[in-house]
Amino acid sequence: MEGMWKELRVAARSLAGSPGLAVLAIATLALGIGANTAIFSVINGSLFAPLPYADPDRLVWLSDGHDNFGGAGVDQSLPNLEDLRAGSSLLDRAAIYNRENSNLATAERPERVRVLRVTSEMLGVLGVLPRLGRDFLAEEDLAGSAPVTILTDGIWRTRFGADPGIVGRTTTVDASPVEVVGVLPPDFYFPGAPDILMPLQHVGAEIPRGTRNYNAVGRLAPGAGLQGLRQELQGLFDRLVEEYPDQNEGWFTWADPMRDFVSGRSQRSLYLLAGGVALVLLIACVNVANLLVVRAERRHREFAVRYALGASRRSLLPHFLGEGVMLSLAGGALGALTAYWGVDLLVALYGDALRRPDQISLSGTVLAFTLLTSLAVGALVGLIPMARARPLDLRDSLKEGARGASGRGSRVGRALVMAEVSLAVLLVVGAGLLTNSLWRLQRVELGVAEPDRVLTFRVALPAAKYEAPEEMTAFFDALVDEVGRLPGVQAAGLVNRLPLLGGYNTTNFPAVGEPDRVAHFVSIRSVTPGYFDAVGLPLVAGRWLDATEFADEDVVSILINETLARQLFGTEDPLGRMVGPGWVEGGLRVVGVVGDLAGGDPTRPPPPAFYFPRVANPNRNMSALVRSAGDPYSLLTAIRRTVATLDPEIPVFGEATLEEIARDRLGTRRFAMSLFGVFAALALVLGAVGIYGVMSVSVSQRNRELGVRLALGATRGSVLRLVLGQGLRVTFPGVLLGLGLSLFAARVLGSLLYEVSPLDPLTYGVVAMTLTLVAVAATGLPAYRATRVDPNVSMRSE
């Protein structure tokens, strides 16, 4: 240990003699290590941080799947889940849940909160105990039992002032009194970030088997494995398909580890970013190693003397390692400080696209990663210059005197620059493909005219206060009427679920009397007439829904979109045709065809959809769309005042423009793409620095040669071309190698790309040209200096 500290002190004194090199090396490593630390903080918090459950590796998440609906991960039927839970021998326990939003009223103001509706086994399955109060009781699962709630720690603190006597008190949820029976611990987490938990109250309730709005969390029985559970559940589900084919045909069931469910779809993007930032660090290491090779080249006489006095190559190893470790530890410390602010910035900018953002921080694990990374980097950059310190070369250098050293150092430097350029090409190609994809994503046709001018918000009426359909209709009619008269409002309408969010689908939607004409996963939208003007949907054929139109005894008039019209009727005229699975005695009659709107995933084709009058099926939870003549957010104050005038206990929530909703749907992709672009920019800068460093040293070593050339009649233009050509000879092999590596590596990006091939020739061509221009720019200054060499000085030195 004492010897190590001695070498570090010697290395520090040695580096102090080259302050410029030391500062540049430390700054370069700080960029690489800091970026890696920040991304590892995100990965550690989102993917690796321990789940706040007992024995989390035994927890599984259950879902359904359908090939026409993107595979597994789809909500399930509650009756199906109960049958699977009862028939499984490999599940120790399982709890069923779904999510909803409710109005929470306190003394301050009404607020919309996220509710996790669960069966009474949920906390027991997760292995979580309330910090205050008790768990749910089995009798609270009964439909119609007195409502109770367990608060999360966050809502307990923000809305109830962390009142330790909250248990047993009553709060108001959806205008109904609800008893608080417990408070969860601060580290409780469940996807969707619920604010309160309430019993599902499913026992005794009539829930159709075809309604897929539920999922389950289960705990594996001792000795049970995931694959065995999947096989068992699918065997049970196959019997349900036979017994209930109308509700289950074409579906399958699935089980995933709870950790995969918690991390969601962000895993691939985060691992991709980890690869990108690792390349940045590798480029930084190559850059610093190159600087140390240059430094070793300048110190060749010093090392020659050491060898002449009996030093061995092995005895120089601690010295080189000491220099590398000193630089990397200093760079690591500065990088950790940079990452401290970088992590906060990442969470602020992309927190909505990340899982468990509260766990993302510079924890002890992250700092340990930074230290280990710094030590590994120090060893790497310290050992590479040893290639220059060979005894034979050093003995020759003593004979050569001060007039020049061998070309080995410059050869090592050129090899490092080639490696650096190839890595930069690999990273920039990835960034180019992702940037091209992001550019196309931003121009996806949503079907909405000027989405940045359409403000949306949501209003939900509690059943305890608005029980009769007439009461709901009166409130929403008044809301649309009052908002539509506000200054600056061009159109206002209501819909049961906002466009661009997907959901509210019916699996099979036929043309009446024509069983072969069936559309699948058709979006159902209940609307007021002003909805179409607010969204800007064009009428393609037929007529609009009339403002006073109501469902008569037999038939409901509907509009369908172009996609549904094609799927059901091809090129035939759909107007007047009857469609639907028999929800209404006389069916649904098509009276018009409107344009398509993007669905929950804007990168996929628009889903089939139909629209029916809201009054035909009153809904307590509606979304409003308001088209503004100017800034849509300038209307919010007046909108809130309008709602408060109608009912002061009803909160306005979910305010966003349609453009923001579309952007949020692509949040994870945007996160990965934008950061990858930042890493590519760093790679370009580091690559340019590396090329400049090698060419600068090469020119300084060839000053006498270049002076002699000029003295013998060479023009300054020919010297400029000579040096530029040398720089390009270093760059071209690196560019070609990087392009070759990219052809193989780019396939990893396939799932993140949109309408861009991983082998897109335009991207590869632009990247090759960009790196070549960077190389020319980085070589330009040393080349210019070469033309300014004084021939007289060079001749006198000869």
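The structure this text deals with has already been given above.
Source: prediction; values computed, not measured.

Peer 1: Describe helix H5 (residues 153-160), and please don't skip the residues or the numbers.
Peer 2: Looking only at H5, the buried set comprises Asp153, Ile155, Trp156, Arg159 and Phe160. Count one or two residues on from H5 and you reach Gly161, which has phi positive near 60°.

Peer 1: Pulling in residues and values, what's your account of unusual backbone geometry?
Peer 2: Of note, the phi angle at Ala193 is positive, near 50°, even though the residue is not glycine. Overall, the relative accessible area of 38% leaves Ala193 in the partly exposed class. In the Ramachandran plot, Gln201 falls in the positive-phi region, its phi being about 50° despite a non-glycine side chain. Turning to its location among the elements, Gln201 is positioned in the loop between strand E10 (196-199) and strand E11 (212-220).

Peer 1: Any chance you could break down the packing of aromatic side chains for me, citing the residues and the numbers?
Peer 2: Taken as a whole, this structure holds 14 aromatic pairs when the rule is applied. An angle of 85° between the planes, with centres 5.5 Å apart, marks the rings of Phe475 and Phe476 as edge-to-face. A residue is classified by how much of its surface remains accessible, and Phe475, at 5% relative accessible area, is buried. Judged by centre distance (6.0 Å) and plane angle (40°), the rings of Tyr531 and Tyr611 are tilted. One end of the pair, Tyr531, is in helix H16 (residues 530-535); the other, Tyr611, is in strand E21 (residues 609-613), with 80 residues separating them in the sequence. Taken together, the aromatic side chains of Trp61, Tyr97, Phe190 and Phe261 make up a single cluster linked through ring pairs. Directly above the ring of Tyr244 sits Arg209, whose terminal nitrogen or CZ lies 3.8 Å from the centroid. The side chain of Arg212 reaches across the aromatic face of Trp251, ending 3.9 Å from its centre.

Peer 1: Tell me what's going on with the nonpolar core, and back it up with residues and numbers.
Peer 2: Nonpolar side chains in soluble globular proteins tend to end up buried together. Within the largest apolar cluster, 88 residues are counted, with the highest numbers of intra-cluster contacts made by Tyr531, Tyr611, Leu625 and Phe679. It is helix H14 (residues 408-441) that provides the largest number of residues to this core, a total of 14 residues. Excluding residues that lie within four positions of it along the chain, Tyr611 makes contacts with Arg525, Val527, Tyr531, Phe532, Leu537, Leu545, Ile558, Leu559, Val594 and Leu597. Residues Ala95, Leu116, Leu197 and Val217 belong to the second largest nonpolar core, which totals 26 residues.

Peer 1: Break down the pattern of salt bridges for me, with residues and values.
Peer 2: Tallied over the entire structure, the rule returns 23 salt bridges. Arg114 is paired through a salt bridge with Asp195; the nearest N and O atoms lie 3.6 Å apart. Within this pair, whereas Arg114 is found in strand E5 (residues 110-118), its partner Asp195 is found in the loop between strand E9 (176-183) and E10, the two being separated by 81 residues in sequence. One salt-bridge network, in which partners are shared between bridges, spans Asp55, Arg58 and Asp92.

Peer 1: Residues and numbers for empty space enclosed by the protein, please.
Peer 2: Under the defined criterion, the tally for this structure stands at five cavities of 30 Å³ or more. Within this model, the largest cavity holds a volume of roughly 120 Å³. Lining the largest cavity we find 15 residues, and of these Ser523, Arg525, Leu597, Ala598 and Tyr611 sit closest to its centre. Listed by contribution, the elements that provide at least two residues to the lining of the largest cavity are strand E16 (514-527) and E21. Partitioned by chemical class, the residues of the lining of the largest cavity number nine nonpolar, five polar and one charged.

Thresholds, definitions, all that
- Residues numbered from 1 in each chain as written.
- Predicted model: local features only at pLDDT ≥ 70, side-chain atom pairs only at ≥ 80, totals over all residues.
- Heavy atoms only, no water.
- Buried < 20%, exposed > 50% of the residue type's maximum accessible area, 1.4 Å probe, protein only.
- Helix = DSSP H or I, 4+ residues; strand = E, 2+ residues; numbered from the N terminus.
- Phe/Tyr/Trp six-rings, centres within 6.5 Å; stacked < 30°, edge-to-face > 60°.
- Lys NZ or Arg CZ within 6 Å of the ring centre and 35° of its normal.
- Core = buried A, V, L, I, M, F, W, Y, C linked by side-chain atoms within 4.5 Å.
- Contact = heavy atoms within 4.5 Å.
- Salt bridge = Lys/Arg side-chain N within 4 Å of Asp/Glu carboxyl O.
- 1 Å grid on protein atoms, 1.4 Å probe; cavity = no way out; pocket = protein on both sides within 12 Å on 5 of 7 lines; lining within 4 Å.
- Points joined across faces, edges and corners; volume = space filled by probe spheres on them.
- Nonpolar A, V, L, I, M, F, W, Y, C, P; charged D, E, K, R; others polar.

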